[in-house]
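# Structural description and commentary
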Amino acid sequence: MTSHSSSEKDRVVIFDTTLRDGEQSPGATMTHEEKLEVAELLDQMGVDVIEAGFPIASEGDFQAVHEIAKRTRNAVVCGLARAAFKDIDRCAEAIKPASRKRIHTFLSTSPVHMKHKLQKEPHEVYEMVIAQVTRARNYTDDVEWSSEDGTRTEIDFLCRCVEAAIKAGATTINIPDTVGYTTPEEYYTLFKTVRERVPNSDQAVFSVHCHDDLGMAVANSLAGVRGGARQIECTINGIGERAGNTALEEVVMAMKVRSEVLPWWTGIDATMLTRASKLVSAVTSFPVQYNKAIVGRNAFAHESGIHQDGMLKNAQTYEIMTPESVGVKQTSLVMGKHSGRHAFVRKLEDLGYKLSANQLEDAFVRFKALADRKKQVQDEDIEALVDEEIATAHD
Ligand code: KIV
Ligand code: ZN
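The predicted model of the chain has a mean per-residue pLDDT of 96, with 98% of residues at 70 or higher. Scored as a whole, the predicted complex attains pTM 0.95, and scored at its interfaces, ipTM 0.99.

Shown next, in the form of structure tokens:
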């Protein structure tokens, strides 16, 4: 891992929306207490902005945002609001106790959304952008405006709306890939173009918000940062609408591990990533897939003999980051039919056995036979077969 630039211009704001977009995943509802627990952990791990909920959506959401606003010590607490004054007022009420507060207000700008969802003409949408941001600015000087379905929005109209939002007082401009449609090259160009064409663009922080419908949310987010965005909206374990959002742990570790080509940095304490992943999985009852990058249970597990042999010689042969760096105690060499003699010998040492060469040979044959029958061989299985070998051995 190479050291990152510490320049402020390369600092990326981590905006966590696990409690808002994440909770919008069908089936991921969290209780009030669970939300407070997640928010506390996000705050401890160095998340810059916690999007705590959508206060107008329900009394429960309002109460959760309100309580998180009271308790959060470091992070900015943010609530979501549509382009309706009643939403913005309710959101302002919910975040009121926070020492640092943000209103995030959004409006669709793409032709398909304006025509079918909003049933409004572009000039009406344009006026609504100004009105919503102006309303939000009455409550806080930290206002984020999002052009929903931004990646399918006509570029001239997008630039006009962004310029108007900044003029009305928006301090963060988010251009979401709401439907997970864009590609890295396209998203990079979008940010570059908007920042170049909008005359007051230097008065706002630009933000990426990606969905994973085509599996490109993390790559797209990093491409947007290359295009000049300095905020990433993401969720723990990548939970979120449909295929989910950008996974926080993945973008953070990508920037840490590949800092020579992704030269940006965040304030996240990466050693807390595994804890956060486990907590979010437990409270949402969403299992983390075994092979999930960074936090999956196989992310630091090796079964094949060739890999285990390499790992025993030097961990850098098959690991690009240490398990400790993301809060995992140690690498695990999983014993199975692909495991080799070296790993077996190491396992016996760890379990406290000293066998003669012949005993070892026999035990290894027994182990391979067992591994062919069982998917994974546990320590107890190895202990049993070695004890049997010792009991029946003649040397
Ligand atoms: O995906 C999206 O467009 C959103 C907005 C509300 C920011 O979640
Ligand atoms: Zn979203």
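This part covers the coordination of the zinc ion (ligand 2). Note on metal sites: the ideal angle is 109.5 degrees for four tetrahedral donors, and 90 or 180 degrees for six octahedral donors. All of the protein donors around the zinc ion (ligand 2) are Asp21 (OD), His209 (NE2) and His211 (NE2); their distances to the metal are 2.0 to 2.1 Å. All donor residues of the zinc ion (ligand 2) come from one chain, and their arrangement in sequence is D-x187-H-x1-H. This pair shows no difference in class: His209 is buried, exactly as His211 is.

Across the 10 residues of helix 10 (residues 248-257), eight count as buried, placing the element largely inside the fold. Buried residues of helix 10: Leu248, Glu249, Val251, Val252, Met253, Ala254, Met255 and Val257, and no others.

Here the structure, examined in full by the defined rule, presents five aromatic pairs. Between Tyr187 and Phe191, the ring centres sit 4.9 Å apart and the planes meet at 90°, which makes this aromatic pair edge-to-face. Remark: Phe191 and Tyr187 occur in helix 8 (residues 184-197); sequence separation between them is four residues, near one turn of the helix. Comparing Tyr187 with Phe191, the two get one shared label, buried. Its guanidinium or amino end placed over the ring of Phe62, Arg90 lies 3.8 Å from that ring's centre, counting from NZ or CZ. A cation over a ring is seen here: Arg297 above Tyr290, with NZ or CZ 3.9 Å from the ring centre.

A separate point is the site of ligand 1. Neighbouring residues of ligand 1: Arg20, Asp21, His104, Phe106, Ser146, Glu148, Asn174, Pro176, Thr178, His209 and His211. Between ligand 1 and His209, the relevant distance is 3.1 Å, taken from an oxygen atom to a side-chain nitrogen or oxygen of the residue. Counting only elements with at least two residues in the shell around ligand 1, the list comes to helix 1 (18-22), strand 4 (101-108), strand 5 (143-148) and strand 6 (172-177). For the shell around ligand 1, a count of residues per class yields two nonpolar, six polar and three charged.

Cut-offs applied
Residues numbered from 1 in each chain as written. Chains lettered and ligands numbered in written order. Predicted model: local features only at pLDDT ≥ 70, side-chain atom pairs only at ≥ 80, totals over all residues. Heavy atoms only, no water. pLDDT = per-residue confidence, 0-100. Donors = N, O, S within 2.8 Å, 3.2 Å for Na, K, Ca; no water. Buried < 20%, exposed > 50% of the residue type's maximum accessible area, 1.4 Å probe, protein only. Helix = DSSP H or I, 4+ residues; strand = E, 2+ residues; numbered from the N terminus. Phe/Tyr/Trp six-rings, centres within 6.5 Å; stacked < 30°, edge-to-face > 60°. Lys NZ or Arg CZ within 6 Å of the ring centre and 35° of its normal. Near = heavy atom within 4 Å. Polar contact = N/O pair within 3.5 Å; in protein donor to acceptor, adjacent residues only side chain to side chain. Nonpolar A, V, L, I, M, F, W, Y, C, P; charged D, E, K, R; others polar.

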